[in-house]
Amino acid sequence: MLTRQLSLDGQTVFISPSGRFDHYAVSEFNKAYMSYPKGDKYYVIDLENVDMIDSSAIGALLQLLEYSNIEKQVKLIKANDLVRQSLLIASLDKLFIVS
């Protein structure tokens, strides 16, 4: 399950997955960001309620990065230690802003 919210200025999309961010959640995640025009928004992915992340979800994050356009920023925020470790092992800190 996830929630999606657009900022008041309409420039940033906040997506908050919860539970297991795995291959079962990827389709819903993709629909959440693809509902906006390609390269048109900034994205903040709030991982606070994510218990674990798998390679399918990491792949979906990489697809989001490509979709959002290299000029736009994608931020991954509030990851717990286990999720953060998975992001660092996959070297996503080199591609995303991880905080």
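Refer to the structure printed above.
All of these numbers come straight from a predicted model, not from anything done at the bench.

This next bit is on the packing of aromatic side chains. Applying the stated criterion across every chain yields a total of four aromatic pairs. Each ring, one from Tyr33 and one from Tyr43, has its centre 6.3 Å from the other, and the planes form 80°; the classification is edge-to-face. With a gap of 10 residues between them, Tyr33 in helix 1 (residues 23-34) and Tyr43 in strand 4 (residues 42-46) connect regions that are remote in the sequence. Tyr43 shares its class with Tyr33; the two are buried. An aromatic cluster is present here, built from Phe21, Phe29, Tyr33, Tyr43 and Tyr67 joined pairwise through their rings.

Now for the nonpolar core. What tends to happen in soluble globular proteins is that the nonpolar side chains get buried as a cluster. The biggest cluster of nonpolar side chains holds 30 residues, and the ones touching the most others in it are Phe29, Tyr43, Ile45, Leu61 and Leu87. Sorting the residues of this core by element identifies strand 2 (12-17), helix 1, strand 4, strand 5 (50-53), helix 2 (55-68), strand 6 (74-77) and helix 3 (81-89) as the ones contributing at least two each. If one sorts the elements of this core by residue count, helix 2 sits on top with seven residues. Those residues in contact with Leu87 that lie beyond four places of it in its chain are Leu47, Ile53, Leu61, Leu76, Ala79, Leu92, Asp93 and Val98.

Moving on to the pairing of strand 1 (residues 2-6). Where strand 1 lies against strand 2, five bridges are found, and the strand directions are antiparallel. In the strand pairing of strand 2, Thr3 is matched with Ser16. Connecting strand 1 to the next strand, strand 2, in antiparallel fashion are five residues, including Gly10 with a positive phi near 75°.

The rules we used
- Residues numbered from 1 in each chain as written.
- Predicted model: local features only at pLDDT ≥ 70, side-chain atom pairs only at ≥ 80, totals over all residues.
- Heavy atoms only, no water.
- Phe/Tyr/Trp six-rings, centres within 6.5 Å; stacked < 30°, edge-to-face > 60°.
- Helix = DSSP H or I, 4+ residues; strand = E, 2+ residues; numbered from the N terminus.
- Buried < 20%, exposed > 50% of the residue type's maximum accessible area, 1.4 Å probe, protein only.
- Core = buried A, V, L, I, M, F, W, Y, C linked by side-chain atoms within 4.5 Å.
- Contact = heavy atoms within 4.5 Å.
- Pairing = 2+ DSSP bridges.

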